[in-house]
Amino acid sequence: MDTTAPEIISAFAAPETIREETLPSSGEYLTTFKMQTDRPTFCKYSSTVKTMAEMEGLFPGYDEAPHNINIVDVIVNEQKKYIYYANCETVAGVPAKMKEITFTVNTKEPLS
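These notes cover the structure that comes with them. Remember, predicted model here, so these are calculated numbers, not experimental data.

**Looking at the side chain of Asn-70**
Argument step 1. Along the polypeptide, Asn-70 turns up in strand S5 (residues 67-76).
Argument step 2. A polar contact is formed between the side chain of Asn-70 and the backbone oxygen of His-67, at a distance of 3.1 Å.
Argument step 3. In this structure Asn-70 touches Phe-33, Lys-34, Met-35, Thr-41, Cys-43, Phe-59 and Pro-60, once residues within four positions along its chain are discounted.

What follows is the structure, given as structure tokens:
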């Protein structure tokens, strides 16, 4: 069993600045978290906790099929800066080093 920790190559939100609602007058704003690791992993995220075991958000396929690239849509409903904590672990349960994913909802910023 491989006990080497995976490496998170990249972890980010796209878009990093959300400038409009998902649907007009919905009060919901959508971004997508993307995480890439150096080997197949299961990934989780949270806006409140930093430990893998306590993270409540699951990337699709968690505990089913590990992936090198993990992608999940995240919906929020306030205009502000967000900080999420994300991590991935191997099939053997060895976690990587936790990463922060930040993004901002600001509908006053002009569309580019």
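Next comes the rest of the account.
**Structural notes on unusual backbone geometry**
Argument step 1. In this structure, Pro-15 follows Ala-14 across a cis peptide bond, with omega equal to 0°.
Argument step 2. Within the fold, Pro-15 resides in the loop between strand S1 (8-14) and strand S2 (17-18).
Argument step 3. Residue Ser-25 is not a glycine yet carries a positive backbone phi of 60°.
Argument step 4. Among the structural elements, Ser-25 can be located in the loop between S2 and strand S3 (29-46).
Argument step 5. For Asp-63, which is not a glycine, the phi torsion comes out positive at approximately 65°.
Argument step 6. Looking at where Asp-63 falls in the secondary structure, it is placed in the loop between strand S4 (57-58) and S5.
Argument step 7. The exposure class assigned to Asp-63 is exposed, which follows from its relative accessible area of 59%.

Conventions used here
Every chain is numbered independently, its residues counted from 1 as its sequence is written. Restriction of local features to residues with pLDDT of at least 70 applies here, the model being predicted, together with a cutoff of 80 or more for giving and counting side-chain atom pairs; totals for whole chains, interfaces and linings are based on all residues. The basis for every side-chain value is the complete set of non-hydrogen atoms in the structure, without hydrogens or water. The helix count covers DSSP runs of H or I at least four residues long, the strand count covers runs of E at least two residues long, and both are numbered beginning at the N terminus. Here a polar contact is recorded for every N or O atom pair within 3.5 Å, except that within protein the pair must consist of a potential hydrogen donor and a potential acceptor, and residues adjacent in sequence are included only if both atoms are side-chain atoms. Note on contacts: a residue pair is in contact if any heavy atoms of the two residues lie within 4.5 Å. Buried residues are those whose accessible area, probed at 1.4 Å on protein chains only, stays under 20% of the maximum for their type, while exposed residues exceed 50% and partly exposed ones sit between those limits.

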